[in-house]
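Below are the chains, spelled out letter by letter.
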Amino acid sequence: MLSGSGSCCGSRSLVIYCYCRRHGSAEPELFIQPSWSSQASRMKGSRQTFLNLFCILWLLLLLKAASSSPLPHGKDPRPPSLPFGLYKGHTCVGCVLVVSVIEQLAQWHNSTVKAAVERLCDYIPEKLQGFCYVLAELYGPHIAELIDREMNADVVCHSLRLCKQDPGQPLCHLYSPPKVGLNTAIRKAKRIMKTSKDLKIFMGFSSVCAFPLLADLCEKIKHVLRNKLPFEDFDGDKFSTFPTLRGYHWRGRDCNDKNTTVYPGRRPDNWDAKSDSNCNGIWGVDPKDGIPYEEKFCKGADSKGVVLLGDSAGAHFHIPPEWMTVTQMSAKSFANLPTAFSDELDWPQFSEITGFLNSTIGGWTDSLYLRLRKRNRCNHRDLQNISQNGGSSGNLLSLIKSLARNQLLDNPAIVIYATIGNDVCNGERNTLAHMTTPKEMLSNVVQALRYLDSHLPNGSHVILTGLVDGRFLWDNLHDRYHPLGQLNKDVTYSQLYSFLDCLQVSPCSGWLTPNETLRNLTSERALQLSNVLKEIARSEKFVNFDIFYMDFPLRKTAEEWRKMGGEPWQLIEPVDGFHPSQIAAALGTGITWQKALHEWPQVLGKENPFNDQIEAIFKDQGGH
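No experiment lies behind these values; they were computed from the predicted model shown. (Residues numbered from 1 in each chain as written. Predicted model: local features only at pLDDT ≥ 70, side-chain atom pairs only at ≥ 80, totals over all residues. Heavy atoms only, no water.)

**Details of the confidence of the model for the protein**
And then number 1: Looking at the protein, pLDDT values average 86 and 83% of them are 70 or higher.
And then number 2: Within the model, pLDDT remains below 50 along residues 63-86, and this stretch shows 58 contacts once partners closer than five positions in the same chain are excluded.
And then number 3: Ignoring residues within four places in sequence, the model shows residues 200-206, a span with pLDDT below 50, making 21 contacts including any to other chains. (pLDDT = per-residue confidence, 0-100. Contact = heavy atoms within 4.5 Å.)

Quick look at the structure:
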């Protein structure tokens, strides 16, 4: 172990987690010393150590808290004693996906399984390699032995006890069962593999957050996941200078995180003659006439921000297919892994409503925010994506409290209310019984609108978006090969949907099913809930905003894409087979914009005649 002034606080025979004080320093360091992987090395530097540790903790908590499936109502039924505190269904899915990738890497590169594991860890960015090495140390030898004996990923994960069978329920599997049968193969695998003492110790930890030194960090990460507020926000105004962890990927970037009165979306303080109080990049005084630029270019310009209240589609949930396609896999494929994890596997910076960066995940970026900014450059940075994976009309009542809008000091806002699926989508065996009823939908939405009426500045607008008709998913994907099945032509979306449904982690049991009757009943309920939204828009009146309704534009999006020579399946996320893709998001923006432009032009505001002058003087206005 360590000698001299460094003494370790504890040890394992394979994995060492220890915080040590070197040479009297109060700064802790994390050491990971696996014996199986030759790539493991000591992580140097307290800042790098913190980043490594932070990414690992964030990933573990994310896997628990940020499933793309709907959030449970009321108390979380997931047992807390499972490894890392994970729900066993997600643990099983993660195991099967990783083991499948390892097996395919060995096949594609004609290598040993051990070499494939090391190759996969080499692909992972340095910040997360420690986590990969730990898992490789604990599970790698067992995975290698079983794969070498021609056991598939389902058998491996059941024998590792990362997939479990509920009493009275069938064994869940992604792949076709072995010839001897799944039960027989698992029993054989368990006889082959005698779980090591180290593995038992690791499985016994209910959560990495049980370590005292990690407790505070875990609590802060949990706070971010629970409240959807920026992890790094020094002045407490709900805006940040950091991109991820609910930072400026989700809300306009703060231009002064030491001043709570400076943030995107506020009306300018004294026309920003001396400083930029609303972070739109326009400030100072024109030396020619002494008039502040903000007053000259933005007064009477009908400036307004855009706010999305939504779900995983609005947050733009995306798992890159190259993470699971070994023929495309490289270190470059995983370069965005830390960013993706720290944004909850969402990409709001490319999304349909609040996207502002050029897409790096395929397709292109077009958004309501970008079009509003182009229409009036005084709207720069005024965006908020208040969405969560699993968002529904019910849990949005809590999420809406993270809205940042001061009724007296800020500009009006255009609020898009778009929970397009989770009120009918769940992973329950009796899915119909767990869908939101029209009565519940009415109550939830009206409560949300009343909250908005008490927080939005006068002159705001709200657009209610109807639910999607999810039959589009099965119709266009069920017989196609999933990225995981591309190499051996052995996994279709139908198989994936059945696997997730069996584990009760399906993002939508009512639509992702071979049962046509159930798919139709789910769409019937979705239409009923959309009609509730339509009636609310017709009949309800509020003081500080007017209200409109539009259908979710999936059918029109598909028509536009066909005209461009595309196929309908390309409008669906390839890995989860459920969410709208980057292409669908960009095309949907144009449809939404045209409807608003022709039917509700007052929502979009006037085109600013000073846009060219703003650009000439302030260039990119400080960027995003």
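**Observations regarding the packing of helix α12 (residues 368-375) against helix α19 (residues 582-599)**
And then number 1: α19 packs onto α12 with a crossing angle of 50 degrees between their chain directions and a minimal axis gap of 9 Å. One way to sum up the angle between α12 and α19 is to call them oblique. Between α12 and α19, the contacting residues are L368, R371, L372 and R375 on the first element and T589, G590, W593, Q594 and L597 on the second. (Axes fitted to C-alpha atoms, helices over the stretch in contact; angles between N-to-C directions. Helix = DSSP H or I, 4+ residues; strand = E, 2+ residues; numbered from the N terminus. Parallel < 35°, antiparallel > 145°, perpendicular 65-115°, else oblique.)

**A short note on the nonpolar core**
And then number 1: Ranked by internal contacts, the top residues of the largest apolar core, which has 121 residues, are V96, L309, L449, L452, V462 and L464.
And then number 2: Sorting elements by how many residues they give to this core places helix α4 (residues 126-148) first, with 11 residues.
And then number 3: Discounting chain neighbours no more than four positions away, the residues touching L309 are I386, S387, L396, I400, V415, I416, Y417, A418 and L452.
And then number 4: One finds V306, L372, I463 and M550 within the second-largest nonpolar core, a separate group that totals 21 residues. (Core = buried A, V, L, I, M, F, W, Y, C linked by side-chain atoms within 4.5 Å. Buried < 20%, exposed > 50% of the residue type's maximum accessible area, 1.4 Å probe, protein only.)

**Topic: the packing of aromatic side chains**
And then number 1: Using the criterion set out here, one finds 12 aromatic pairs in the structure.
And then number 2: Measuring from ring centre to ring centre gives 5.7 Å for F297 and F610, while their planes differ by 40 degrees; the resulting arrangement is tilted. Taken as a pair, F297 in helix α9 (residues 293-298) and F610 in the loop between α20 (601-604) and α21 (611-618) lie far apart in primary sequence, 313 residues in all.
And then number 3: Ring plane angle 15 degrees and centroid distance 6.1 Å describe the contact between W347 and F350, whose orientation is recorded as stacked. Residues W347 and F350 agree in their burial class; the two are buried. (Phe/Tyr/Trp six-rings, centres within 6.5 Å; stacked < 30°, edge-to-face > 60°.)

**Observations concerning the environment of D257**
And then number 1: Inspection of the secondary structure assignment puts D257 in the loop between α8 (215-227) and α9.
And then number 2: For D257, a relative accessible area of 7% corresponds to the buried category.
And then number 3: Between the C-alpha atom of D257 and that of D235, which follows or precedes it by 22 residues, the distance is 5.5 Å.
And then number 4: If we ignore the near neighbours within four places in the chain, the residues touching D257 are E232, D233, F234, D235, D237, F239 and T241.
And then number 5: A distance of 3.1 Å separates a polar atom in the side chain of D257 from the backbone nitrogen of F234. (Polar contact = N/O pair within 3.5 Å; in protein donor to acceptor, adjacent residues only side chain to side chain.)

**Looking at the packing of helix α3 (residues 113-123) against α4**
And then number 1: Contact pair α3 / α4: the axes reach a minimum separation of 9 Å and the direction vectors enclose 160 degrees. Taken together, α3 and α4 sit at an angle that is classed as roughly antiparallel. The interaxial crossing formed by α3 with α4 has right-handed handedness. Between α3 and α4, the residues in contact are V113, V117, C121 and D122 and Q129, C132, Y133, A136, I143, A144, I147 and D148, respectively. (Left-handed = near helix turned anticlockwise from the far one by under 90°.)

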